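Inside the fold
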Amino acid sequence: MQKLNDLSRSLTALEPDGTLIAVIEMSLSSWLVAGIVPGIERQPLKKLAVDESALLKLLHRWREEAEKAGRRIERIAVAFEAGRDGFWLARWLKARGIEAYVIHASSVAVSREHRRAKTDRLDTELLKRSFLGWLRGERDHCKMVEIPTMKDEDAKRPNREHDSLIGERSRIVNRMKAALVRLGIRGFNPKLKRATTRLDGLHTPEGEPIPPNALAELRRDMERRRLVNNQIRQIEEERLERIEQAPCDGAHVMVRLLARVMGVGIETADMLVHEVLSRNMRDRRAVARYAGLTGSPDESGRKRREKGLARSGNVRVRRGMIQLAWRFLLHQKNSALTKWFRSRTENARGTRKPMIVALARKLLIALWRLVREGIVPDGVVLRAAQ
């Protein structure tokens with residue numbers, strides 16, 4: 001029997017006379033709350049300050065109005081779009097007995113007019129229609145985002161911070177190299193340990209030393225790079241320490257299993273587990289779609305073309321899997337996936353880049369089955385268990 005996906009439609013029957021429905025258009029300065037209150041002809045619209053307690057009082061007041069109109073409210077359902085505020089409000093409302101849902105913003109169909117009107121009031125009307133269709137159990141009105149726990153959200157932070165620091169370190173190095181090239185100095189590696197002491201001995205092609213302001217900037221950049229390096233090292237050491245302290249934790253078991261695959265490092269394994277593999281995915285298509293490794297066909301009449309990757313999924317997973325696919329070809333030369341890739345690109349020019357994406361998709365599904373079902377991909381070499 002096929003397992004239903006309760007994020008694409010509601011599996012609970014909707015009782016209109018006993019359900020209070022509300023949607024929130026959120027911004028940094030205010031919240032606009034629109035409701036559908038049983039027994040009340042008007043559809044109320046209330047602008048609030050960013051205050052969860054005021055929101056809760058408003059929902060309770062609407063419930064009292066419905067009960068005065070002779071409707072018994074058994075259910076309060078609230079929805080808002082995923083955005084900067086994250087999921088804290090949904091968790092806060094659920095803890096107080098209110099159904100809370102987070103709508104995937106890109107799943108809501110909007111008007112295709114070139115200059116369509118867009119206001120918070122119109123956005124709440126659009127959200128109400130989409131949310132009401134979802135509650136009725138109809139497909140394709142909108143899709144909901146899985147609400148993670150605080151622990152699940154916090155588990156993603158080290159890897160994301162590590163990724164951000166790696167990018168910051170690269171920007172610092174590139175900035176230092178650009179400053180040196182602007183002075184005509186080439187062949188100097190600012191990443192070496194002794195780079196700071198060698199700065200005073202550098203000279204421009206005219207025989208002049210580095211100007212004082214440029215020299216001070218380079219020293220500050222080197223100090224900043226040293227700080228970033230220390231923070232990166234600290235994150236990596238703390239990750240290994242957490243895995244050693246709780247090796248039987250669910251996520252840590254997956255990380256240790258993935259790290260046994262030749263070509264997969266602990267950093268990639270940790271990213272894949274916390275970003276995608278620990279999620280409760282319906283099937284292999286959902287896994288590939290979440291990573292954004294599916295196609296975007298453009299078909300109309302006789303026209304049949306592919307516009308490329310959908311890129312609607314998790315960019316970290318997509319980027320990491322494409323990088324991992326290239327490494328996989330080097331470290332798993334006798335695997336079935338590598339042989340499949342070689343057979344399709346050996347005599348076909350210009351197909352390596354498109355096919356590496358296909359390999360990344362197959363590899364992600366294979367790794368998902370490995371951590372979920374323990375099925376080792378055909379021909380894949382594993383490191384010895386520690």
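Scroll up for the structure.
Residues numbered from 1 in each chain as written. Predicted model: local features only at pLDDT ≥ 70, side-chain atom pairs only at ≥ 80, totals over all residues. Heavy atoms only, no water.

**Digging into the pairing of strand E7 (residues 295-300)**
For clarity, the cut-off: If DSSP finds at least two bridges between two strands, the strands pair. Helix and strand labels come from DSSP, where a helix needs a run of H or I of at least four residues and a strand needs a run of E of at least two; each type is numbered from the N terminus.
In terms of strand pairing, E7 meets strand E8 (residues 303-309) through five bridges, oriented antiparallel. Bridged to Gly295 within E8 is Leu309. Linking E7 to E8, which pair antiparallel, is a turn of two residues; within it Gly301 sits at a positive phi near 65 degrees.

**A closer look at a negative patch on the surface**
Stated formally: Within the patch definition used here, like charges are joined within 9 Å and nonpolar side chains (Val, Leu, Ile, Met, Phe, Trp, Tyr) within 5 Å, considering only residues with over 30% relative accessible area and no salt bridge. Per-residue and other accessible areas were derived by the Shrake-Rupley procedure at a 1.4 Å probe size, with only the shown protein chains allowed to occlude residues. Salt bridges are identified by distance alone: a Lys or Arg side-chain nitrogen within 4 Å of an Asp or Glu carboxyl oxygen. Counted charges follow a simple rule, with Lys and Arg positive, Asp and Glu negative, and His plus the chain ends left uncounted. Charge positions are represented by NZ for Lys, CZ for Arg, CG for Asp and CD for Glu. Each residue's exposure class comes from its accessible area (1.4 Å probe, protein chains only) as a fraction of the maximum for that residue type: buried when under 20%, exposed when over 50%, partly exposed otherwise.
Residues Glu161, Glu236, Glu237, Glu238, Glu241 and Glu244 make up a contiguous surface patch of negative charge. The element best represented in the negative patch is helix H6 (residues 212-245), accounting for five residues. As for its position among the elements, Glu244 is in helix H6. The class for Glu244 is exposed, based on a relative accessible area of 64%.

**Some points on a positive patch on the surface**
On the surface, Arg284, Arg285, Arg344, Lys362 and Arg369 cluster together into a positively charged patch. Only helix H9 (284-290) and helix H12 (352-373) provide two or more residues apiece to the positive patch. Inspection of the secondary structure assignment puts Arg285 in helix H9. Under the relative-accessibility criterion, Arg285 is labelled partly exposed at 48%.

**Structural notes on helix H3 (residues 120-135)**
Let me state the cut-off plainly: Here the expected span of a helix is defined as 1.5 Å times the quantity of residues minus one. Note on definitions: a residue-residue contact is assigned when non-hydrogen atoms from the two residues lie within 4.5 Å.
Helix length check: H3 (16 residues) gives 22 Å between terminal C-alpha atoms against 22 Å at 1.5 Å per residue, within 8%. Burial in H3 covers these residues: Asp123, Thr124, Leu126, Leu127, Lys128, Ser130, Phe131, Gly133, Trp134 and Leu135. For H3, the secondary structure elements touched by its buried residues are strand E1 (19-26), strand E2 (30-36), strand E3 (45-49), strand E4 (75-81), strand E5 (99-103) and strand E6 (144-145). Looking at the residues trailing H3, positive phi occurs at Gly137, about 90 degrees.

**A word on the nonpolar core**
Filter applied, for reference: Side-chain atoms within 4.5 Å link the members of a nonpolar core, which is a set of buried Ala, Val, Leu, Ile, Met, Phe, Trp, Tyr and Cys residues.
With 41 residues, the main nonpolar core has Leu258, Leu272, Val276, Met321 and Leu364 as its most contacted residues. Counting only elements with at least two residues in this core, the list comes to helix H7 (250-259), helix H8 (266-277), H9, helix H10 (315-331), helix H11 (336-345) and H12. Per-element tally for this core: the top contributor is H12, with 12 residues. In this view, Leu364 contacts Leu272, Val276, Leu277, Val287, Ala291, Leu293, Val317 and Met321; residues no more than four positions away in its chain are not counted. The next biggest cluster of nonpolar side chains, apart from the first, holds 27 residues, and it includes Met26, Trp31, Leu59 and Leu89.

**What about the sheet that holds E3?**
Here is the rule: To get an axis, fit a line to the C-alpha atoms, keeping to the stretch in contact for a helix; angles then go from 0 to 180 degrees between the N-to-C directions.
Within the open sheet, the six strands sit side by side as E3-E2-E1-E4-E5-E6. Their pairing is mixed. Strands with a single pairing partner mark the edges of an open sheet, and in this sheet they are E3 and E6. Sheet topology places E1 next to E4; six bridges connect them, and they run parallel. Within E4, the residue paired with Ile24 across the bridge is Phe80. Here helix H1 (residues 52-68) sits on the sheet and contacts E1, E2, E3 and E4; the angle it forms with E2, its principal contact strand, is near 15 degrees. Docked against the sheet, H3 engages E1, E2, E3, E4, E5 and E6, running at close to 140 degrees with respect to E1.

**Re the environment of Gly379**
Structurally, the position occupied by Gly379 is in the segment after H12. Of the residues examined, Gly379 reaches a relative accessible area of 33% and is grouped as partly exposed. With 97 residues separating them in the primary sequence, Gly379 and Arg282 have C-alpha atoms 26 Å apart. If near-sequence neighbours (up to four positions away) are discounted, Gly379 is found in contact with Gln332, Asn334 and Ser335.

**Quick notes on the side chain of Ser10**
So the rule is basically this: The definition of a polar contact used here is a pair of N or O atoms within 3.5 Å, where within protein one atom must be able to donate a hydrogen and the other to accept one, and adjacent residues in sequence count solely through side-chain atom pairs.
Here Ser10 lies in the segment before E1. Among the polar contacts made by the side chain of Ser10, one reaches the main-chain amide nitrogen of Thr12 at a distance of 3.3 Å. When near neighbours in sequence (up to four residues on either side) are disregarded, Ser10 contacts Arg75, Trp134, Leu135 and Gly137.

**A short note on the packing of aromatic side chains**
Inclusion rule: Side-chain rings of Phe, Tyr and Trp (the six-membered ring for Trp) are treated as a pair once their centres are within 6.5 Å; stacked means planes under 30 degrees apart, edge-to-face means over 60, and tilted covers the remaining angles. Charge over a ring is defined by NZ of Lys or CZ of Arg lying within 6 Å of the ring centre and within 35 degrees of the ring normal.
Tallied over the entire structure, the rule returns four aromatic pairs. On the basis of an interplanar angle of 55 degrees and a centroid distance of 5.8 Å, the ring pair of Tyr101 and Phe131 is categorised as tilted. In this pair, Tyr101 sits in strand E5 while Phe131 sits in helix H3, placing the two residues 30 residues apart along the sequence. As far as the burial class goes, Tyr101 and Phe131 line up, both buried. Judged by centre distance (6.3 Å) and plane angle (20 degrees), the ring pair of Phe131 and Trp134 falls under stacked. On the criterion of helical spacing, the pair formed by Phe131 and Trp134 is a turn pair, its members being three residues apart in helix H3. Taken together, the ring pairs connect Tyr101, Phe131 and Trp134 into an aromatic cluster. Directly above the ring of Trp340 sits Lys362, whose terminal nitrogen or CZ lies 5.0 Å from the centroid.

**Side note on helix H4 (residues 150-182)**
Quick reminder of the rule: To obtain the bend at a residue, axes are fitted to the seven residues ending there and to the seven starting there, and the angle between these axes is taken.
With 33 residues, H4 ought to run about 48 Å at 1.5 Å a step, and its terminal C-alpha atoms sit 48 Å apart, in line with that. In H4, a bend of some 30 degrees at Arg157 exceeds every other bend along the element, and Pro158, a proline, comes one to four places later. Among all positions in H4, only Lys156, Pro158, Asn159, His162, Leu165, Ile172, Val173, Met176, Ala179 and Leu180 are buried. Looking at the buried positions of H4, the neighbouring elements they touch are H6 and H8. Backbone geometry just downstream of H4 places Gly184 in the positive-phi region, at approximately 85 degrees.

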